[in-house]
Amino acid sequence: MFTKKEIIEILKDDTKNEWLFSLADKTRKENVGDGIHLRGLVEFSNICKCNCKYCGLRKDNNNADRYRILKDEIIKIVKHASDMGYKTIVLQSGEDGYYTTDKMVEIIKSIKEFDVALTLSIGERSYEDYKAFKDAGADRYLIRIETTDKNLYKQMHPNMDFDNRLRCLKDLKTLGYEVGTGCLVGLPNQTTESLADDILFFREIQADMVGIGPFIPHPDTPLNNADKGSFTLALKVMALTRIMLPDINIPATTAMETLHPNGRIIALKSGANVVMPNITTQQYRAKYEIYPDKICVNDNPDKCRNCIGAKIKSIGRFVAENYGFSHNKG
Ligand code: 5AD
Ligand code: SF4
Ligand code: FES
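Below, the structure is looked at part by part.

What counts and what doesn't
Residues numbered from 1 in each chain as written. Chains lettered and ligands numbered in written order. Predicted model: local features only at pLDDT ≥ 70, side-chain atom pairs only at ≥ 80, totals over all residues. Heavy atoms only, no water. Phe/Tyr/Trp six-rings, centres within 6.5 Å; stacked < 30°, edge-to-face > 60°. Helix = DSSP H or I, 4+ residues; strand = E, 2+ residues; numbered from the N terminus. Buried < 20%, exposed > 50% of the residue type's maximum accessible area, 1.4 Å probe, protein only. Salt bridge = Lys/Arg side-chain N within 4 Å of Asp/Glu carboxyl O. Near = heavy atom within 4 Å. Polar contact = N/O pair within 3.5 Å; in protein donor to acceptor, adjacent residues only side chain to side chain. Areas by Shrake-Rupley, 256 points an atom, 1.4 Å probe, with all protein chains shown as cover. 1 Å grid on protein atoms, 1.4 Å probe; cavity = no way out; pocket = protein on both sides within 12 Å on 5 of 7 lines; lining within 4 Å. Points joined across faces, edges and corners; volume = space filled by probe spheres on them. Nonpolar A, V, L, I, M, F, W, Y, C, P; charged D, E, K, R; others polar.

Describing the packing of aromatic side chains
Here's step 1: Summed over all chains, the structure comprises nine aromatic pairs.
Here's step 2: Pairing Tyr141 with Tyr177 gives two aromatic rings, centres 5.9 Å apart and planes at 85°, and the pair type is edge-to-face. One end of the pair, Tyr141, is in strand S4 (residues 140-142); the other, Tyr177, is in the loop between helix H7 (162-174) and strand S5 (178-185), and 36 residues separate them in sequence.
Here's step 3: Under the relative-accessibility criterion, Tyr177 is labelled buried at 3%.
Here's step 4: Relative to Phe325, the ring of Tyr323 lies with its centre 6.3 Å away and its plane at 50°, an arrangement referred to as tilted.
Here's step 5: By relative accessible area, Tyr323 is classed as partly exposed at 28%.
Here's step 6: The structure contains a cluster of three or more aromatic residues connected by ring pairs, namely Phe44, Tyr98 and Tyr99.

Here you go:
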């Protein structure tokens, strides 16, 4: 365990990176083992009422070609993924009001007829909605805090409220979800100190999962001219998160692979134990452009499953067969 001061020092000093990555790898091996959990990701709507400055799906981006995948088609995608052996499905979308409480509950119930754990990643909703989704069978929820720096949060999220995001995380915990959060690394004006605070925040709220990715500027956003985040710094924040929260689930994120051709494998060797392969039908993939040059936009669910399976094997690890609940609960 490191103090805040030590975390900041480690983040600033690039001479000990190899030591940090191997300590994170050892911590991962001792606490969660060599199995890698695959979570099949369905990007079911790119319509969003929010205006996050960094995101290509933001409401004001008129160049985005919007789509919604309706229930029957979602179920087909999930069935195929379940047939391929996926034990967790992640439903992700922009904050799209079309999916009312009742519509989500119907989708959740149908998915839970398959032998899968279900994660939702659909943004800020009311306590009542979160409760309805939980009662319908949802197991986990992902909602990144994005940054714990309140000033930066305000700059990046016009019309959003940091305290409401905290409220969401708290409600989800209270309702018994496994809760995933995380942050972006390399946002304009983000400080090293705030990254250390992000890591301490993950501990404080007892996150079950933490996803960390570099910021990648999107041409159709107000941050189009900003510098992209550093792959190495994102990897360091991730490695420190593993050391500080030894038994949680940590994905090797798609954004890492977008900045580095071998990014996910490097992440899996530096503390990560989860991969979230895209199981969305190929026709929609290019349209879910949170950031440019996203990987796998020309690939299909079977191709991604085989690709990632081979990569995992190549580093002497294996695809875990259980649901991958946190803290090794099976
Ligand atoms: N670069 C990297 N990650 C991004 N996200 C949104 N926009 C970008 C971007 N330009 C991340 C956010 C969000 C997740 C779904 O995608 O952290 O929580
Ligand atoms: Fe919407 Fe999420 Fe993109 Fe923000 S990050 S604009 S909430 S899809
Ligand atoms: Fe999609 Fe490699 S994971 S092609």
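Observations regarding the pattern of salt bridges
Here's step 1: Within the structure shown, the criterion is met by 28 salt bridges.
Here's step 2: Ionic pairing is found between Asp197 and Lys4, a salt bridge with its closest N-O pair at 2.9 Å. On the criterion of sequence distance, the pair formed by Asp197 in helix H8 (residues 192-204) and Lys4 in helix H1 (residues 4-12) is long-range, its members being 193 residues apart.
Here's step 3: Among the residues examined, Asp197 registers a relative accessible area of 29% and is labelled partly exposed.
Here's step 4: Using a relative accessible area of 27% as the deciding quantity, one classes Lys4 as partly exposed.
Here's step 5: Ionic pairing is found between Lys71 and Glu106, a salt bridge with its closest N-O pair at 3.4 Å. With Lys71 in helix H3 (residues 71-83) and Glu106 in helix H4 (residues 101-111), the pair connects residues that are 35 residues apart, well separated along the chain.
Here's step 6: By sharing partners, the salt bridges in this structure join Asp25, Arg28, Lys29 and Asp34 into a single network.

What about the site of ligand 1?
Here's step 1: As a structural note, the neighbourhood of ligand 1 is formed by Tyr54, Cys55, Gln92, Arg144, Glu146, Leu184, Pro214, Phe215, Ile216, Ile290 and Tyr291.
Here's step 2: Tyr54 is positioned with one of its backbone polar atoms (N or O) 2.8 Å from a nitrogen atom of ligand 1.
Here's step 3: In the environment of ligand 1, an oxygen atom lies 2.8 Å from a nitrogen or oxygen atom belonging to the side chain of Arg144.
Here's step 4: Look at ligand 1: alone it shows 410 Å² of surface, and the protein chains cover 86% of it.

Some thoughts on empty space enclosed by the protein
Here's step 1: Scanning all chains against the criterion turns up two cavities of 30 Å³ or more.
Here's step 2: Looking at the second largest cavity, its volume works out to about 70 Å³.
Here's step 3: His37, Leu38, Arg39, Gly85, Tyr86, Lys87, Thr88, Arg305, Val319, Ala320, Asn322 and Tyr323 together form the lining of the second largest cavity.
Here's step 4: It is strand S1 (residues 35-45) that provides the largest number of residues to the lining of the second largest cavity, a total of three residues.
Here's step 5: A breakdown of the residues in the lining of the second largest cavity according to their chemical character gives five nonpolar, four polar and three charged.

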